[in-house]
Amino acid sequence: MAGHTTVETGVATSRGISVGNVFGRSANVIKANPLATLGTSFALIALPQLLLAQIGLGAAVFQNVREGLYALAGLYGIIVGLLWLIASGALVQATIAHDQGRPANPREMLQVGVARCLPLLAVYLLLLLGVWAGTIFLVVPGIMLAVMWSVSLPAIVAERPGVFGAFGRSRALTKGARWHVFGILLLACVIYLLASVVIGVASVAGYGSLGALTGSGQLRMPMPAQPSFVVQLLQSIVTTVMLTWFTTVGASLFIELRDWKEGPDADRLADIFA
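Bear in mind that the values here come from a model prediction, so they are computed numbers and not experimental data.

## Overview of the overall build of the protein chain
Part 1 of the argument: Across its full length, the protein chain carries eleven helices and two strands.
Part 2 of the argument: Start at the N end of the protein chain and walk to the C end: the helices and strands fall as β-β-α-α-α-α-α-α-α-α-α-α-α.
Part 3 of the argument: Across the 274 residues of the protein chain, 39% fall into the buried class.
Part 4 of the argument: Residue pairs at least 24 apart in sequence account for 73% of intrachain contacts in the protein chain once pairs closer than 6 positions are excluded.

Written as structure tokens, this is what we have:
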């Protein structure tokens, strides 16, 4: 085939993997499906934590941890973690739907997210364990494993190859493009971390401003126990946007790698979600 070179896993197109392609695809997924993507993330990740904070559960969890009581914190973490996994699977499905040229369906997204929640958990835990073990050996092996397995999470949702098959699929897709994958992931992580810092600073600023207002300029007035609801809501909205973008970047990277290796095929997964 003209303009293509043969590789181990199939056919690699001459068009390389680039930051622009991956980030552009991610932005297009969100732009084409703002309610399905941002709405799902907000409903599953930000809103529950925002509501729990309003009833004081967040403060109760912190107090329990400080006192050495971890049961409540563990339950809280499990619930938040499962909701995050469901949202991640849903966002991968939205990215797949966009690649197939159809709008993301929130119901379909949630169905896929719930159905793939436990496999996602298994892949995520094994990924963390493998990268952690590799990092012990002078860091570099951990980075190599992280890059090699970087699209195993989208793979378990998109193609359902099984938990261990997802790692093999990711290893095959990233082969020959791992420096590019490393650069894309590094840039995405830096952007995400910088945004997190900005969110944190803005939250502290809002927290302090509220304290100054309620203290009528008296510095001796105690700070409120937590930022106002408005500050928390704004923080949740920005966090939702960043988490949605970061997750769709991972899904977009998977699709870009698959198209690069095997050529674009919008109907490849149609039967899976029929």
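Continuing now.
## Side note on the side chain of serine 236
Part 1 of the argument: Mapped onto the elements, serine 236 comes out in helix α11 (residues 229–262).
Part 2 of the argument: Judged by its relative accessible area of 12%, serine 236 falls in the buried class.
Part 3 of the argument: When neighbours within four sequence positions are excluded, serine 236 is seen to be in contact with Phe42, Ala46 and Leu50.

## Observations concerning the environment of alanine 155
Part 1 of the argument: On the secondary structure map, alanine 155 appears in helix α8 (residues 152–158).
Part 2 of the argument: Linking alanine 155 and serine 170, residues 15 residues apart in sequence, is a C-alpha distance of 7.1 Å.
Part 3 of the argument: If we ignore the near neighbours within four places in the chain, the residues touching alanine 155 are Arg160, Pro161, Ala166, Arg169 and Phe254.

## Re the packing of aromatic side chains
Part 1 of the argument: Per the counting criterion, the structure on display carries six aromatic pairs.
Part 2 of the argument: On the numbers, 6.5 Å between centres and 55 degrees between planes, the contact of tryptophan 245 with phenylalanine 246 is tilted.
Part 3 of the argument: One aromatic cluster in this structure is built from Phe23, Tyr192, Trp245 and Phe246.

## Brief notes about the packing of helix α6 (residues 117–136) against helix α7 (residues 140–148)
Part 1 of the argument: Viewed as axis vectors pointing N to C, α6 and α7 meet at an angle of 155 degrees, and their least axial separation amounts to 5 Å. Relative to α7, the element α6 lies roughly antiparallel. When α6 is examined against α7, the residues Gly130, Val131, Gly134 and Thr135 are found in contact with a partner set consisting of Pro141, Gly142, Leu145 and Ala146.
Part 2 of the argument: Split by residue class, the contact of α6 with α7 holds four nonpolar, four polar and no charged.

## Details of the nonpolar core
Part 1 of the argument: Within the largest apolar cluster, 43 residues are counted, with the highest numbers of intra-cluster contacts made by Ile17, Val22, Phe23, Trp245, Leu253, Phe254 and Leu257.
Part 2 of the argument: Element by element, the count of residues in this core is highest for α11, at ten residues.
Part 3 of the argument: Ignoring sequence-local partners within four residues, the contact set of isoleucine 17 consists of Val22, Ala177, His180, Ile184, Leu253, Glu256, Leu257 and Trp260.
Part 4 of the argument: With five residues, the next largest nonpolar core counts Ala36, Ala90, Ala94 and Ala104 among its residues.

## Side note on helix α5 (residues 106–115)
Part 1 of the argument: Residues of α5 that are buried: Glu108, Met109, Val112 and Gly113. With its buried residues spanning 135 degrees around the axis, α5 presents them on a single face. Structural note: α5 exposes Arg107 and Val114 on the side pointing more than 90 degrees away from its buried face.
Part 2 of the argument: Sitting at the amino-terminal end of α5 is asparagine 105, which places a side-chain oxygen 2.8 Å from the backbone nitrogen of arginine 107.

## Brief notes about the environment of isoleucine 45
Part 1 of the argument: Take isoleucine 45: it is sitting in helix α2 (residues 34–54).
Part 2 of the argument: Looking at isoleucine 45, the relative accessible area reads 14%, which means it is buried.
Part 3 of the argument: Spatially, the C-alpha atoms of isoleucine 45 and serine 236 are 8.8 Å apart, while their sequence positions differ by 191 residues.

## As for a nonpolar patch on the surface
Part 1 of the argument: A grouping of Leu126, Leu129, Trp132, Ile136, Phe137 and Phe164 is seen on the molecular surface, where their side chains present a nonpolar patch of about 730 Å² in accessible area.
Part 2 of the argument: Tallying contributions element by element places α6 first for the nonpolar patch, with four residues.
Part 3 of the argument: You can see phenylalanine 137 is positioned in the loop between α6 and α7.

## So, the pattern of salt bridges
Part 1 of the argument: Evaluated as defined, the whole model comprises eight salt bridges.
Part 2 of the argument: With a closest N to O distance of 3.5 Å, aspartate 259 and arginine 25 form a salt bridge. With aspartate 259 in helix α11 and arginine 25 in helix α1 (residues 19–32), this pair connects stretches of sequence that are 234 residues apart. The same class applies to aspartate 259 and to arginine 25, which are both buried.
Part 3 of the argument: Glutamate 159 is paired through a salt bridge with arginine 169; the nearest N and O atoms lie 2.7 Å apart. Of this pair, glutamate 159 sits in the loop between α8 and α9 (163–174) while arginine 169 sits in helix α9, placing them ten residues apart in sequence. When sorted by exposure, glutamate 159 lands in the same class as arginine 169, which is buried.

About the thresholds
- Residues numbered from 1 in each chain as written.
- Predicted model: local features only at pLDDT ≥ 70, side-chain atom pairs only at ≥ 80, totals over all residues.
- Heavy atoms only, no water.
- Helix = DSSP H or I, 4+ residues; strand = E, 2+ residues; numbered from the N terminus.
- Buried < 20%, exposed > 50% of the residue type's maximum accessible area, 1.4 Å probe, protein only.
- Contact = heavy atoms within 4.5 Å.
- Phe/Tyr/Trp six-rings, centres within 6.5 Å; stacked < 30°, edge-to-face > 60°.
- Axes fitted to C-alpha atoms, helices over the stretch in contact; angles between N-to-C directions.
- Parallel < 35°, antiparallel > 145°, perpendicular 65-115°, else oblique.
- Nonpolar A, V, L, I, M, F, W, Y, C, P; charged D, E, K, R; others polar.
- Core = buried A, V, L, I, M, F, W, Y, C linked by side-chain atoms within 4.5 Å.
- Arc of directions from axis to C-beta.
- Polar contact = N/O pair within 3.5 Å; in protein donor to acceptor, adjacent residues only side chain to side chain.
- Patch = residues over 30% accessible without salt bridge, like charges linked within 9 Å, V, L, I, M, F, W, Y side chains within 5 Å.
- Areas by Shrake-Rupley, 256 points an atom, 1.4 Å probe, with all protein chains shown as cover.
- Salt bridge = Lys/Arg side-chain N within 4 Å of Asp/Glu carboxyl O.

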